[in-house]
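Working through the structure, step by step
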Amino acid sequence: MAFFDFLQQYWPRLLSGTGITLAQFLLAAVLGIAISLAMGLMKLSHNAVVRGAAVTYIEVFRGTSLVVQLYWIFFVLPLFGLSIEKFTAGYLAVGMNIGAYGAELVRGGILSVPKGQWEAALAINMSPAQRMRRIILPQALVNMLPPWGNLMIELLKGTALVSLISVADLMFEAKQINATTFLSAQVFGAALVIYYVLARFMVTPFMRWLEHYMARKLGRV
Amino acid sequence: MHDVSAFPLQIAGDPAPMVSFRKVTKSYGALTVLDELDLDVKAGEMVSIIGPSGSGKTTVLRMLMTLEEINGGVIYVDGQPLTHMQKNGTLVPASQKHLRNRRADIGMCFQHFNLFPHMTALENCMEGPVQVLGLPKKEARERSEELLEMVGMIGKKDQHPSRLSGGQQQRVAIARALAMRPKVMLFDEVTSALDPEVIGEVTNVIRKLVSEHNLTMLMVTHQMGFARDISDRICFFYGGKIEEQGPPAELFGNPKKERTQQFLSAVKEAV
């Protein structure tokens, strides 16, 4: 079957899968960013317990496989009485995983802000929380945006794993179509192109725009 | 923590010195940067600190700004302890809350300006008054614009620091510090990072402050001529101690200690 005939016939399912993939991506991104911020800040805490909690989190979620984490959340937690619906389990796992990587970016971004900025903020008598929120984080954010672009693309591709717990994302639909039609080249070819288009023409331009926007806010442009 | 039981709970006197270092020691490991420093600065006095690098000049200002903890002695500001606080009739090391309370009296300008790059000149000046003092935005803006006018930067109030020259950034930094209405202003080598041709615009602002305001000022500088012109007193630091101090005419014109003479003649040769 020619590729365009194939698309003509199966585009509704591919489109619906793409929608789910995007939803998984956005939800996991929001969760991942929140976790990154929390864990990144906690890792810089003076309190050893708080720091220890962040280190443990990062070690566990960065040091083990995302698929295994996904299976834990979806198949193992119910054994302890905590059942999570598959769609939720999907973005939870991906978001928590990416949060562990993001935490290191947040920490690095904060440490990259020159010491003089902390001192100037202290010299006008800002509280530690004000210093972080008003002075340090806005600058740290700009410094860490380029690596965040990479992480967001990793995140998008990582969402394909949620198909393993039957979330009907793009990869899941592709596998289903393949199983009934054996049109492997067409269906996985289409999936490949769609993931590439999402990464290249949505995620990357958005991150570029954000970098540019933030640089302008800093008066760097 | 060092024993401070022998130190007074507050400094009396009429008027009490605005700043008072009593046997203040600062060391980094085995290296002693300041060695039992005693220094009183009167309200409204302008004191310049000079000396070779590594003599502890900048550390004096940084301790007063509470950027560095001290290892011995007590610092008082306006008669009240800064580095310590009263508890059950004795002095104990200051809590963060106490530091925050007392720090409000002190403002500082840095060698590298340290303006907030994500804010315009005006926003830099308004940040403290709005966030820390809780002033309404309108009032903070008026106060900031007045100060930017005073330092000659009102025309660039909406520019980000990256668009300003070093001299301009430093003038904004002075306005930012003044916007907090400190009683004591600290200038830490504020002209050292500037191109020679813009040093004057910053020193002129400081001159204006000296002549028109009754601020207590401590300045670390390498500009001997400037220090001589505007200071009430010069302190020559050497090896973590005040080697010699006195009115500028005396210290520059007739230095008594050999180290002072050596330093001043070395500086003269360099010019």
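Residues numbered from 1 in each chain as written. Chains lettered and ligands numbered in written order. Predicted model: local features only at pLDDT ≥ 70, side-chain atom pairs only at ≥ 80, totals over all residues. Heavy atoms only, no water.

1. Thoughts on the environment of A:Ala140
Residue and element names in this part refer to chain A.
- With respect to the helices and strands, the residue Ala140 is situated in helix H6 (residues 128-158).
- The exposure class assigned to Ala140 is buried, which follows from its relative accessible area of 0%.
- In this structure, Ala140 is in contact with Gly109, Ile110 and Val113, ignoring residues within four places of it in sequence. (Helix = DSSP H or I, 4+ residues; strand = E, 2+ residues; numbered from the N terminus. Buried < 20%, exposed > 50% of the residue type's maximum accessible area, 1.4 Å probe, protein only. Contact = heavy atoms within 4.5 Å.)

2. A few points about the interface of chain A and chain B
- Listed per partner, the contact involves 24 residues of chain A and 25 residues of chain B.
- Surface buried jointly by chain A and chain B totals about 2,100 Å² across both partners, of which 53% is contributed by carbon and sulfur atoms.
- Looking at the side of chain A facing chain B, the largest losses of area belong to A:Leu122, A:Ile124 and A:Asn125, adding up to 29% of the total buried there.
- At the junction of chain A and chain B, the tally comes to two salt bridges.
- A salt bridge links A:Glu119 to B:Arg62, with the nearest nitrogen and oxygen atoms 2.7 Å apart.
- Elements supplying a minimum of two residues to the side of chain A that touches chain B: helix H5 (115-123), H6 and helix H8 (184-217) of chain A.
- If one sorts the elements of the side of chain A that touches chain B by residue count, H5(A) sits on top with eight residues.
- Along the lines of polarity and charge, the residues of the side of chain A that touches chain B split into 10 nonpolar, seven polar and seven charged. (Buried area = accessible area lost by both parts, 1.4 Å probe. Salt bridge = Lys/Arg side-chain N within 4 Å of Asp/Glu carboxyl O. Nonpolar A, V, L, I, M, F, W, Y, C, P; charged D, E, K, R; others polar.)

3. Some details on the nonpolar core
- In this structure, B:Phe21, B:Leu64, B:Leu186 and B:Leu218 are the most contacted members of the largest nonpolar core, which totals 76 residues.
- At 14 residues, H6(A) tops the list of elements feeding residues into this core.
- Setting aside residues no more than four positions away along its own chain, B:Phe21 makes contact with B:Leu37, B:Asp38, B:Leu39, B:Asp40, B:Val60, B:Met63, B:Leu64, B:Val74 and B:Ile75. (Core = buried A, V, L, I, M, F, W, Y, C linked by side-chain atoms within 4.5 Å.)

4. Considerations on the packing of aromatic side chains
Residue and element names in this part refer to chain A.
- Inspection of the entire model under this criterion finds 12 aromatic pairs over all chains.
- On the basis of an interplanar angle of 70 degrees and a centroid distance of 5.9 Å, the ring pair of Phe87 and Tyr91 is categorised as edge-to-face. Separated by four residues within a single helix, Phe87 and Tyr91 lie in helix H4 (residues 86-111), roughly one turn from each other.
- Residue Tyr91 is classed as buried on the basis of its relative accessible area, which comes to 19%. (Phe/Tyr/Trp six-rings, centres within 6.5 Å; stacked < 30°, edge-to-face > 60°.)

5. With respect to the sheet that holds strand S10 (residues 216-220) of chain B
Residues and elements named next belong to chain B.
- Strand order in the open sheet made by the six strands is S8-S9-S10-S3-S11-S12, with mixed pairing throughout. Pairing within the sheet leaves two strands with one partner each, and these edge strands are strand S8 (106-109) and strand S12 (241-246). Averaged over all pairs of adjacent strands, the angle between their axes in this sheet comes to 20 degrees, without regard to strand direction.
- One ladder, built from five bridges, connects strand S9 (residues 184-188) with S10; its direction is parallel. By the bridge assignment, Asp188 is partnered in S10 with Val220. (Pairing = 2+ DSSP bridges. Axes fitted to C-alpha atoms, helices over the stretch in contact; angles between N-to-C directions.)

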